[in-house]
Amino acid sequence: MVSAYLERWLEEVRTTPGLTALEDRDEVRNVLLDDALRALPLLGGSAGHVVDVGSGGGTPGIPLAANVPERSFTLLEAERRKCAFLERVTADLPNVTVVWGRAEEQPTDAFGVALAKALAKPPVATELCLPLVAPGGTAILWLAESADRAPVAAVAALLGGTLEDDVDGLVVLRKLRPTPPGFPRRPGVAKKRPLA
């Protein structure tokens, strides 16, 4: 059932305007499904609820939620139209909740894992995700091999975390302490004035 469900989801993402510029079915599968599933082994490093920040068409959250039905997932998306799509395509996934909102407006220190794939530049994605994670939890970022890890590590340290692992473009940030006062900053500030 999971594979049939994910096949339908991929086709919905591919054919719904505004969700992906990818058209080739194999490329859609590779970028949206196979790449998301690379994080499966990393989810075991932290317990608790998982949030996919800037979920868009549902990757990486939907493929991971379909493969880990015992974990609760939140798909967080700021665009109402994309939320409507996510609500429709996750109706058959009881472990998934869709939230319309921005990362900066969500409760801090609340999730076990935060995911970000193609959300923003790496330091900005770090600032948007790490405050959501409780101490002991992780943020997992999909980064290009060429992306500079030093700014990510610097932002993580400011937010009570550390760069724990970097495996094949998946960077794991461990939250060590509660989110410090002053974070998250107001919506949009992280992109306008990055910390690093």
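Going by the structure above, here's the rest.
The following paragraphs examine the structure supplied in this document. (Residues numbered from 1 in each chain as written. Predicted model: local features only at pLDDT ≥ 70, side-chain atom pairs only at ≥ 80, totals over all residues. Heavy atoms only, no water.)

1. Description of the nonpolar core
One finds W9, L43, I62, F73, L115 and I140 to be the most contacted residues of the largest nonpolar core, which totals 33 residues. Residue contributions to this core peak at five residues, all from helix α1 (residues 2-15). Sequence-distant contacts of I140, that is, excluding residues within four places in its chain, are made with L42, L43, V113, A114, L115, A116, L170, V171 and V172. Counting residues in hydrophobic clusters, the runner-up holds 26 residues, among them A125, C129, L130 and A190. (Core = buried A, V, L, I, M, F, W, Y, C linked by side-chain atoms within 4.5 Å. Buried < 20%, exposed > 50% of the residue type's maximum accessible area, 1.4 Å probe, protein only. Helix = DSSP H or I, 4+ residues; strand = E, 2+ residues; numbered from the N terminus. Contact = heavy atoms within 4.5 Å.)

2. Some thoughts on the packing of helix α6 (residues 122-129) against helix α7 (residues 149-158)
α7 packs onto α6 with a crossing angle of 25 degrees between their chain directions and a minimal axis gap of 8 Å. By the angle between their axes, α6 is roughly parallel relative to α7. Crossing of α6 against α7: the hand is right-handed. Packed against α6, whose contacting residues are P122, P123, T126 and E127, the element α7 presents P151, V152, V155 and A156 at the interface. When grouped by side-chain class, the residues that make up the contact of α6 with α7 number six nonpolar, one polar and one charged. (Axes fitted to C-alpha atoms, helices over the stretch in contact; angles between N-to-C directions. Parallel < 35°, antiparallel > 145°, perpendicular 65-115°, else oblique. Left-handed = near helix turned anticlockwise from the far one by under 90°. Nonpolar A, V, L, I, M, F, W, Y, C, P; charged D, E, K, R; others polar.)

3. Quick notes on the pairing of strand β2 (residues 73-77)
The buried count for β2 comes to five of five residues, which makes it a mostly enclosed element. Of the two faces of β2, both are covered, the one formed by F73, L75 and E77 as well as the one formed by T74 and L76. Since strand β1 (residues 50-53) and β2 lie parallel, the crossover through helix α4 (residues 61-67) that links them has a hand, and here it is right-handed. Sheet topology note: the β2/strand β3 (residues 96-100) ladder contains five bridges and is parallel. Opposite T74, over in β3, you have T97 as the bridge partner. Taken together, β2, helix α5 (residues 80-89) and β3 constitute a β-α-β crossover, and its handedness is right-handed. (Right-handed = clockwise from strand over helix to strand, strands pointing away. Pairing = 2+ DSSP bridges.)

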